[in-house]
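Listed below, chain by chain, are the residues.
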Amino acid sequence: MKNLFRKKDIHQLLKQVEAGQNEDGHGSLGKHLGVRDLAAFGIAAIIGAGIFSTIGKASFDGGPAVIFLFIFTAIACGFAAFAYAEFASMVPVSGSAYTYSYVAFGEIIAWIIGWALIMEYAIGNITVAISWSDYFTGFLESINIDFLNIHGISLPKWIQMDYFSALNGHNEAVRLVQGGKIFSQLEANLQDAFLAWNAAPKLGGFHFVADIPALGIIVFITWLVYRGMKESKNASNFMVIVKLAIILLVIAVGIFYVDTDNWNPFAPNGISGVLKGVSAVFFAYIGFDAISTTAEECKDPQRDLPRGMMWAIIICTILYIVIALILTGMVNYTELNVGDPLAYVFQKLNIKWLSGIIAFSAVIAMASVLLVFQMGQPRIWMSMSRDGLLPKRFSKIHPKFKTPSFSTIVVGFVVAVPALFLNLTTVTDLCSIGTLFAFVVVCGGVLFLQNKPNIPRGKFKTPYINGKYVMPILLLIGIVVALTNYKKETVSFLTNERKISTVENVISSLNINEINKVKQQCAAYSPQKFKANNDVESFLSNLNPTEVVQILKASNINEENYYEAGFDLFQHKIPTYIFLIITLLLTFLSVTHNLSLIPMLGLISCLYMMSELNVSNWIGFGVWLIVGLLVYFGYSKKHSKLNTSAVE
């Protein structure tokens, strides 16, 4: 057990960095980065899908008050950034949270974090590549050049969609049409999935559906990252300048079309509506931690890394807030549940020239995010390889380009192949939970080392505020608010009171015979209203929950199809219970051990966002960690450099 928690010595790591050579003698990475480059990498990673896509759905759920969600997420990331910055200043070595955990907690925790980061970056890259493909195909379709007689370039649907989206969308479209919905009334993504599945080439019974544009951008970005940090830096800086210029143009033009009446009501769905988009908005912020993987390529990492992280978060938060206010001021928040909200509002106001520019800038923005993510992943693998936890080849540095060449190529394959076939929704939440877990451990590492003697401190240290006076007050306020403003919800949560499923989930769970029974009851319940569209889903969606249950009971539908109860309901609350238990424990420790408030708030806020993710993501993450432990005990523990030196 003691060997599992063997730690890296900070003094030895610092000597190694000063010598300019890693333990395998492959030479050091090239040092090209300053504060502006690091801040640009952070902006490149953060300003992407969030500002061009997910801000629309978040605004739809929370109204103009979505700005508070961006502020909350920025504060949570800011707390975590303090912890990252302190570690980056203390241990200016590539590896990010993996290396920090090795110093603070020992090898087994470092391996778990490294394994989680492998998932975070790989899945994050897959997510961004899929999103880029959507923006790129949308941009091609918007091209309009009259003198060349080009009015949109349309790629076949089956080469711009992943296999499982096409399969599941086709099946759902069939069920909804059987339920009475007209095909032209289906959501655009379901129509596209249906058409892609039917038009795809077939090999036997296999439909060939694959996201080819996603593959293309991954190949290009992998080549760029392989070529060198200087080339990556220049490309990133260029893309950041382009997208910041476009965003400032959007603000400058959009501000003249703001109608303040659209800001009333400011928070139409209350705090629950604002927090509904927490995982999507957080996903927009996670790129800042990729900066810490470039520590060895910084000219002065102990000074520049903390500054670069903080500037990136501050600049991006301001831009997110201003854009959210502009969007919700230009149109009513109820219209923003679209995939391209910036382009949509300018199209609606008939400013088509700017809509086209936004579509182009979105392609640039998403490419820059992919660049930063694709750059961070090989450096994690390189660091783990240096420590003997992965084979030596992963730490090989290209003699000319000064990049982890083999790791970069492998990462390209690891990202490219799944991007052809995986679904966007599945991978987004898995990426978020892996990132949040890393944030939690890094914040925990700062707390663990805060009173340790003989630890060399860098130029940056998280400001110390004693948590023993603040945490109990915050906990008490939380309990009072839960038992007063949200008493009904709190009692329902604690007693595990059964809940009615959404109409969409109910319809999806029924077979054709059950759907026909529900149709008959809908027609009997309100003949004129149902006859208007003959659509079960839309009809039930306009009824209150009591009326829905009444119709389903009359249709002899099993209650399991429309009620969640017992363990099926309780399992979704397990992440929340984990959050509550750890919060109580940290409050106790803050009183008894005078824990620092900022990293503790970072840990708690990130853990809260983890608790908001579905339990299926926790299960998927748990399975990934179990696989990682099998690899560790089968290979890494034996080949660890610390194990080898101990034997010698």
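Everything numeric in this text was worked out from a predicted model, so none of it was measured.

Draft legend 1. Up close: the state of the cysteines. Enumeration over the complete set of coordinates arrives at zero disulfides. Just so you know, C77 is unpaired, no disulfide at all, and the nearest cysteine sulfur is the one on C606, 6.3 Å from it. Classification of C77 as buried rests on a relative accessible area of 0%. Distance from the sulfur of C443, which forms no disulfide, to the nearest cysteine sulfur (C606) is 5.5 Å.

Draft legend 2. Structural view of a nonpolar patch on the surface. A contiguous nonpolar surface patch, about 500 Å² in accessible area, is contributed by I271, I473, L474, I477, V481 and Y486. Of the residues forming the nonpolar patch, the biggest block, four residues, is contributed by helix α18 (residues 471-484). Residue placement: I477 occurs in helix α18. The class of I477 is partly exposed, set by a relative accessible area of 48%.

Draft legend 3. Looking closely at the pattern of salt bridges. One pass over the structure, following the stated rule, counts three salt bridges. The salt bridge partner of K348 is E335, with a shortest N-O separation of 3.2 Å. One end of the pair, K348, is in helix α14 (residues 341-348); the other, E335, is in the loop between α13 (301-330) and α14, and 13 residues separate them in sequence. Look at E335 and you get partly exposed, because its relative accessible area is 26%.

Draft legend 4. A look at the packing of helix α2 (residues 35-46) against helix α10 (residues 229-254). Orientation of α2 relative to α10, taken along the N-to-C sense of each, is 60°, at an axis distance of 9 Å. Judged by the inter-axis angle, α2 sits oblique to α10. Handedness of the α2/α10 crossing: left-handed. Counted together, D37, A40, F41, I43 and A44 of α2 and M229, S232, K233, S236, N237, V240, K243 and L244 of α10 form the full contact between these two elements. In terms of residue class, the contact of α2 with α10 is built from seven nonpolar, three polar and three charged.

Draft legend 5. The arrangement of the packing of helix α6 (residues 107-142) against helix α15 (residues 352-386) in detail. Contact geometry of α6 with α15 gives a least axis separation of 8 Å together with a crossing angle of 160°. With respect to α15, the axis of α6 lies roughly antiparallel. Note that α6 runs across α15; the crossing there is left-handed. The class makeup of the residues in the contact of α6 with α15 is 24 nonpolar, nine polar and no charged.

Draft legend 6. Layout of the packing of aromatic side chains. Summed over the entire model, instances satisfying the criterion amount to 24 aromatic pairs. Arranged with centres 5.4 Å apart and planes meeting at 65°, the rings of Y163 and W197 form a pair that is edge-to-face. Of this pair, Y163 sits in helix α7 (residues 163-178) while W197 is found in helix α8 (residues 188-199), placing the two residues 34 residues apart along the sequence. Each member of the pair, Y163 as well as W197, is classed as buried. An aromatic cluster is built from W111, W115, W624, Y632 and F633, whose rings are joined through pairwise contacts. Its guanidinium or amino end placed over the ring of Y563, R498 lies 3.7 Å from that ring's centre, counting from NZ or CZ.

Draft legend 7. A look at the environment of M609. With respect to the element layout, M609 can be found in helix α27 (residues 597-611). Sequence-distant contacts of M609, that is, excluding residues within four places in its chain, are made with F72, A76, V278, F282 and L436.

Draft legend 8. Molecular detail of unusual backbone geometry. Here the residue pair N264 and P265 is connected by a cis peptide bond, since its omega of 5° sits within 30 degrees of zero. Here P265 lies in the loop between α10 and α11 (270-275). Of note, the phi angle at N594 is positive, near 55°, even though the residue is not glycine. Following the sequence through the fold, N594 ends up in the loop between α26 (574-593) and α27. Residue classification places N594 among the partly exposed positions, given a relative accessible area of 30%.

Draft legend 9. Inspection of the environment of S616 at higher detail. When you line up the elements, S616 lands in helix α28 (residues 615-639). Overall, the relative accessible area of 45% leaves S616 in the partly exposed class. Between the C-alpha atom of S616 and that of E537, which follows or precedes it by 79 residues, the distance is 25 Å.

Draft legend 10. Geometry of the environment of F60. The residue F60 is located in helix α3 (residues 49-62) in this model. Between the alpha carbons of F60 and L447 there is a distance of 38 Å; along the sequence they are 387 residues apart. Dropping the residues within four chain positions of it, F60 is found in contact with N269, Y333, T334, L336 and N337.

Draft legend 11. Structural context of the nonpolar core. Core analysis: the largest hydrophobic core is formed by 164 residues, its most contacted members being F70, I323 and F346. At 19 residues, the largest contribution of residues to this core is made by α6. Ignoring any residue separated from it by four or fewer positions in sequence, one finds F346 in contact with V250, V253, G254, M330, I351, K352, L354, S355 and I358. V506, L510, I551 and I557 belong to the second-largest nonpolar core, a separate cluster that totals 23 residues.

Calculation rules
For every chain, the first residue of the written sequence is number 1, and numbering continues from 1 onward in sequence order. Only residues with pLDDT of at least 70 are given local features in this predicted model, and only at 80 or more are side-chain atom pairs given and counted; all residues enter the totals for whole chains, interfaces and linings. Values reported for side chains reflect all heavy atoms of the structure, with hydrogen atoms and water molecules removed beforehand. When the sulfur atoms of two cysteines come within 2.5 Å, that pair is taken as a disulfide. Relative accessibility decides the category of a residue: with a 1.4 Å probe and only protein chains considered, values under 20% of the type maximum give buried, values over 50% give exposed, and everything between is partly exposed. Two joining distances apply to patches: 9 Å for like charges and 5 Å for nonpolar side chains (Val, Leu, Ile, Met, Phe, Trp, Tyr), and every residue must have over 30% relative accessible area and no salt bridge. For every accessible area listed, the method is Shrake-Rupley and the probe measures 1.4 Å; residues are considered covered only by the protein chains on display. The term salt bridge refers to a side-chain nitrogen of Lys or Arg lying within 4 Å of a carboxyl oxygen of Asp or Glu. Helix and strand definitions here come from DSSP, where helices need a minimum of 4 consecutive H or I residues and strands a minimum of 2 consecutive E residues; each element is numbered from the N-terminal end. Under this scheme, a helix contributes an axis fitted over its contacting stretch, all axes are lines through C-alpha atoms, and angles between N-to-C directions fall in the 0 to 180 degree range. Angular relationships are summarised with four words: roughly parallel below 35 degrees, roughly antiparallel beyond 145, roughly perpendicular across 65 to 115, and oblique for the angles in between. Here a crossing is taken to be left-handed if its near helix is turned anticlockwise relative to the far helix by less than a right angle, and right-handed if that turn runs clockwise. Between two residues, a contact is recorded if the distance between any of their heavy atoms is within 4.5 Å. As a working rule, the residues Ala, Val, Leu, Ile, Met, Phe, Trp, Tyr, Cys and Pro are called nonpolar, Asp, Glu, Lys and Arg charged, and the rest polar, with Gly in that last group. Here the aromatic set is Phe, Tyr and Trp, taking the six-membered ring for Trp, and pairing holds for ring centres within 6.5 Å; pairs whose planes are under 30 degrees apart are stacked, those over 60 apart are edge-to-face, and all others are tilted. Here, a charge over a ring means that NZ of Lys or CZ of Arg falls within 6 Å of the ring centre while also lying within 35 degrees of the ring normal. Throughout this description, the term nonpolar core refers to a set of buried Ala, Val, Leu, Ile, Met, Phe, Trp, Tyr and Cys residues connected via side-chain atoms within 4.5 Å.

Remember that the coordinates give geometry; whether it matters functionally is a separate question.
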